[in-house]
Amino acid sequence: MRSKTSFSRHFPARLLVALLIVLTALLAACDSSASTSLSATPTPPTATATPTPTCASALPGSTPISLGPGFNYPMTYPPNTVGTSPTLTVSGTGLFSVYTLNACTPGTTVSAASSFYTTQLPALPHGWDAWQTFPYDGGLMQTCSAPCFWDPKGGPFYYIVFDQFSDRGNGVVTYRIRYATFDAFPSCGSNFTVGPPAAQDLFFVPSYTPALPLPPVSSTVPDNASGGVRSYDICSPGTTASITAFMTTELPATGWTKIASDSHCIYTDQCWKNGSAIISWSVTGFTATEWHIAWRQSLS
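Residues numbered from 1 in each chain as written. Predicted model: local features only at pLDDT ≥ 70, side-chain atom pairs only at ≥ 80, totals over all residues. Heavy atoms only, no water.

Engineer: Requested: an account of the state of the cysteines, with residues and values cited.
Structural biologist: On inspection of all chains with the given rule, the structure shows 4 disulfides. Each sulfur of the disulfide joining C188 and C235 lies 2.0 Å from the other. The disulfide joining C188 to C235 has a torsion of about -90° about its S-S bond and is therefore left-handed. Highlighted residues: C188 in the loop between β10 (173-182) and β11 (199-204) and C235 in strand β13 (residues 229-235), separated in sequence by 47 residues. C188 gets classed as partly exposed once you look at its relative accessible area, which sits at 21%. Across the disulfide from C265 sits C271; the S-S distance is 1.8 Å. Looking down the S-S bond of the C265 and C271 bridge, the torsion is 65°, so its handedness is right-handed. (Disulfide = S-S within 2.5 Å. Helix = DSSP H or I, 4+ residues; strand = E, 2+ residues; numbered from the N terminus. Buried < 20%, exposed > 50% of the residue type's maximum accessible area, 1.4 Å probe, protein only.)

In structure tokens, the structure reads:
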């Protein structure tokens, strides 16, 4: 009886010990698994290769470059140059028509692409002259900030400018081409065609400071009068309405301000001031091919 009682008394303790051993083993296994999981090096993401730049990717939809069948004068481009179709961006009565397109040249640099045009365009038959101005808005001649050329030889006036050169990598260079054409020359009277004193194909009143803009390819002849009156007869393309639109747009663009009246002004409806200079002009009662700019130089 004693041994049976002793067995019964010690059995729960042995069971408890066994359970503790099992639990300890389980915890150790979990800790080992967690440690293994935490210490594993994560797999890095697969790198995506950067596509090599080409003209096809830099200028989608581009084709072998052409300025269109209506482009009058010879042109040349660096080898394998492609471009978009020219888009008419500016036009109007008495204004230049301005076209814009984008171009791409492979296997080059920005400086090489730019210098190609500055060296090769003047060398063409019926070649281009390096120039300093371009009619960006179709009317006012403005200073070029990039290689700029013109070709007036034997026909319409053409101006062209290359700008916005950009290195796209892998020798791919993109840039913008803009060209302006003008062939609506006015039919001026004989007094505008014999010079001097007549002057033709002007964009500003000759020898006047500050710059006094005229509609494109105007002709002038002095028509001064007594009393210190200086005057020009002007022959311009377009209509009196287009001349008015040009003058009221481009005079402010070159620093002139319209004033109510001044004793220097001959025409009181269009009296303009730029610093100490005061002029007046009028198309009222005149025609596009003979309108007037006039002012009193002195008030003696």
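Now, onward.
Engineer: Describe the packing of aromatic side chains, naming the residues involved and giving the relevant values.
Structural biologist: Under the definition given, this model contains 25 aromatic pairs. Where Y117 meets F162, the ring centres are 4.0 Å apart and the plane angle is 20°; that geometry is what we call stacked. One end of the pair, Y117, is in helix α3 (residues 110-120); the other, F162, is in strand β9 (residues 157-167), with 45 residues separating them in the sequence. Each member of the pair, Y117 as well as F162, carries the same accessibility label: buried. (Phe/Tyr/Trp six-rings, centres within 6.5 Å; stacked < 30°, edge-to-face > 60°.)

Engineer: So what's going on with the pattern of salt bridges? Which residues, and what values?
Structural biologist: Scanning the model with the defined rule gives 3 salt bridges in all. One salt bridge in this structure joins D163 and R176, with 2.9 Å as the shortest N-O distance. You can see D163 sitting in strand β9 and its partner R176 sitting in strand β10, a full 13 residues away along the chain. We note that D163, like R176, is buried. Residue R178 is joined to D163 by a salt bridge in which the shortest nitrogen-to-oxygen separation is 2.9 Å. Of this pair, R178 sits in strand β10 while D163 sits in strand β9, placing them 15 residues apart in sequence. We classify R178 as buried; its relative accessible area is 15%. (Salt bridge = Lys/Arg side-chain N within 4 Å of Asp/Glu carboxyl O.)

Engineer: Explain the pairing of strand β17 (residues 290-296) to me, using residue names and the numbers behind them.
Structural biologist: Most of β17 is tucked away: 5 of the 7 residues are buried. In this sheet, β17 lies alongside β13 in antiparallel orientation, the contact comprising 6 bridges. Bridge pairing in β17 links V229 to R296. When strand β16 (residues 277-287) meets β17, the two strands line up antiparallel, connected through 4 bridges. The residue bridging S282 from the neighbouring strand is H292, located in β17. Connecting the antiparallel pair β16 and β17 is a turn made up of 2 residues. (Pairing = 2+ DSSP bridges.)

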